[in-house]
Amino acid sequence: MSVNKYFPHILVLPEDEADSDIANGFLLHPQLNERSIQVLPYVGGWKVVVEKFTTNFIPKMRQYPNRYFVLLIDFDRQESCLDYVKQQIPDDVKDRVFVLGVLSNPEELRKSLGKSFESIGESLSANCSDNTDGLWGHDLLRHNKTELERMISSVKPFLFN
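### Considerations on the overall build of the chain
- Per the secondary structure count, the chain includes six helices and four strands.
- Beginning at the N terminus, the succession of helices and strands in the chain can be written as β-α-β-α-β-α-β-α-α-α.
- Whereas a compact globule of 161 residues would reach a radius of gyration of roughly 15 Å, the chain reaches 14 Å, a difference of no more than 12%.
- Along the longest, intermediate and shortest principal axes, the C-alpha atoms of the chain span 40 × 35 × 25 Å.

### Looking at the sheet that holds strand β3 (residues 67–74)
- Within the open sheet, the four strands sit side by side as β2-β1-β3-β4. Their pairing is parallel. Whereas interior strands pair on both sides, the edge strands pair on one side only; in this sheet they are β2 (37–39) and β4 (97–102). Here the strands of the sheet are splayed against their neighbours by 20 degrees on average, with no regard to which way each runs.
- Here strand β1 (residues 9–14) pairs with β2 via three bridges, running parallel. Opposite Ile10, over in β2, you have Ile37 as the bridge partner.
- Strands β1, β3 and β4 of the sheet are contacted by helix α2 (residues 46–63), whose axis makes an angle of about 175 degrees with β3.

### Examining the nonpolar core
- By size, the foremost hydrophobic cluster in this structure holds 31 residues, and its most contacted members are Ile10, Phe26, Val70, Leu124, Met151, Val155 and Leu159.
- The set of elements that each furnish at least two residues to this core consists of β1, α1 (17–26), β2, β3, β4, α5 (117–130) and α6 (145–159).
- Looking at this core element by element, the count peaks at six residues for α6.
- Each residue touching Ile10, except ones within four places of it in the same chain, is listed here: Ser36, Ile37, Gln38, Tyr68, Phe69, Val70, Phe98, Met151, Val155, Phe158 and Leu159.
- Leu11, Phe69, Leu71 and Val99 belong to the second-largest nonpolar core, a separate cluster that totals 21 residues.

### Regarding the environment of Val43
- Structurally, the position occupied by Val43 is in the loop between β2 and α2.
- It is 7.8 Å that separates the C-alpha atoms of Val43 and Leu13, two residues lying 30 residues apart in sequence.
- Beyond its immediate stretch of four places on either side in the chain, Val43 contacts Leu13, Pro14, Glu15, Val48, Val49 and Lys52.

### Quick notes on the environment of Ser154
- Structurally, the position occupied by Ser154 is in helix α6.
- Distance from Ser154 to Pro8, taken between C-alpha atoms, is 10.0 Å for residues 146 residues apart in sequence.
- Once you skip the residues sitting within four places of it in the chain, Ser154 turns out to touch Tyr68, Asp95 and Phe98.

Rules used in this analysis
- For every chain, the first residue of the written sequence is number 1, and numbering continues from 1 onward in sequence order.
- Predicted model: local features are reported for residues with pLDDT of at least 70 only, side-chain atom pairs are reported and counted for 80 or more only, and whole-chain, interface and lining totals are derived from all residues.
- The side-chain figures draw on all heavy atoms in the structure; neither hydrogens nor water molecules are used.
- Secondary structure counts use DSSP, requiring at least four H or I residues in a row for a helix and at least two E residues in a row for a strand, with both numbered from the N terminus.
- Note on method: radius of gyration uses C-alpha positions; expected globular size equals 2.2 Å times residues raised to 0.38.
- Any two strands between which DSSP finds at least two bridges are classified as paired.
- Only the contacting stretch of a helix is used when fitting its axis, a line to C-alpha atoms as for every element, and angles between N-to-C directions run 0 to 180 degrees.
- Only heavy atoms enter the contact rule, under which two residues are in contact if any of them lie within 4.5 Å.
- Within this scheme, the nonpolar core is defined by two criteria: the residues are buried Ala, Val, Leu, Ile, Met, Phe, Trp, Tyr or Cys, and they are joined through side-chain atoms within 4.5 Å.
- Three labels apply to residues, based on accessible area from a 1.4 Å probe with only protein chains included: buried if under 20% of the type maximum, exposed if over 50%, partly exposed otherwise in between.

See the structure below:
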């Protein structure tokens, strides 16, 4: 289902299939406003996420001020990754773009939890809806805390019923 570009909405650009599966699991929360979020096809690599976002989506973000974006990447245990990605986001849209992901990769998180990617996404969605750290406090996810807080304060009012 696609979003209405004139109302507040969030697009998710996942790096790979595993990230896409997590994002799609997030959509299963029963109180999620499904018309306010859309998971785009995965693109294959965090640098490709940045390239696609800067080339294809920034102009539309400027055109639609109610559009928010999640760049869902694997940090591959590279501390400089987040800084690099944030430097590629222009100042005029920076407050509507959030960079989230697993510190290493989703496969390591799945192995650690013994859960499917989809059920991981469902748990993360429930934590956002309930304002709880829960799974977001996991060693492989806690680095998202600042971005997550910023995102929740911006999108929760329209994302959950």
